[in-house]
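The primary structure of each chain is shown beneath.
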Amino acid sequence: MAASKKGGAVSGGSLIERIKAALRAEDREEQVKIQSRRRLVGLLTGGFLTANFLMFLRFFFPRTIFEPRTQFRIGLTTDFAIGVDTRFQKSNRIWVVRTTDRLFVIFASCTHLGCTPDWKLSEAKFKCPCHGSGYDPEGRNYEGPAPRPMDRAYVALDPQGRIVVDTSVLYREEKGQPTQFDSPGSFIQV
Ligand code: FES
């Protein structure tokens, strides 16, 4: 009888222990859940604040398109021989043309729809690859759909005698209009 009482006490005690252990385990689980919830909230808050901060920074760095400068120097008049010089086609979209008495700069844009023509040395012409317009070595159109000669860019000499080009200032020759190709700034006398 005593043995059975002792046995009952042992088994009762272990039940309580098991319940306590189960409660402790539940507590631990709850703690883990709370911690992971806190971590998630922390991450979301951090992400939200970072996104806001980046948007705030963008305000100070507006989206800008970096384009080649329109004003630049290309050297001395003596650097250019008579004919068409293509050295600045890629970097500045121009050709430098020197005749016996003038130096001028053609802006390399077809007057049909703005493609960049190619200089064909063997044929002594500019040929547009898009719709076939052809221009003579001075940029005057003579075949294809181009409506007028290619425009010329502003040129001048700086105090050191270097050629300054500005492609934001262009000179045109339109049908039925007085030519701008003789205007001051459209060429340099050489
Ligand atoms: S863009 Fe040059 S011919 Fe059309």
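Bear in mind the structure is a predicted one, so any value in this text is a computation, not a measurement.

### Description of unusual backbone geometry
Part 1: Not every positive phi belongs to a glycine, and Arg93 is a case in point at roughly 55 degrees.
Part 2: Taking the C-beta count within 10 Å as the criterion, Arg93 has 16 such neighbours and is therefore assigned partly exposed.
Part 3: Look at Ala124: it is not a glycine, yet its phi comes out positive at around 50 degrees.
Part 4: By the element assignment, Ala124 lies in the loop between β5 (118–120) and β6 (125–127).

### As for the environment of Asp136
Part 1: Positionally, Asp136 belongs in the loop between β7 (134–135) and β8 (141–143).
Part 2: Overall, the presence of 13 C-beta atoms within 10 Å leaves Asp136 in the partly exposed class.
Part 3: With residues near it in sequence (within four places) discarded, Asp136 still touches Lys125 and Tyr142.

### A look at the pairing of strand β3 (residues 94–98)
Part 1: With four of its five residues buried, β3 lies for the most part within the structure.
Part 2: Summarising the sheet, strand β2 (residues 83–85) and β3 pair through three bridges and their orientation is antiparallel. The partner of Val84 across the bridge, within β3, is Val97.
Part 3: Pairing geometry for β3 and strand β4 (residues 102–107), over five bridges, is antiparallel. By the bridge assignment, Ile94 is partnered in β4 with Phe107.
Part 4: The hairpin turn running from β3 into β4, its antiparallel successor, is three residues long.

What counts as what
Residues numbered from 1 in each chain as written. Predicted model: local features only at pLDDT ≥ 70, side-chain atom pairs only at ≥ 80, totals over all residues. Buried ≥ 20, exposed ≤ 12 C-beta atoms within 10 Å, placed from the backbone. Helix = DSSP H or I, 4+ residues; strand = E, 2+ residues; numbered from the N terminus. Contact = placed C-beta atoms within 7 Å. Pairing = 2+ DSSP bridges.

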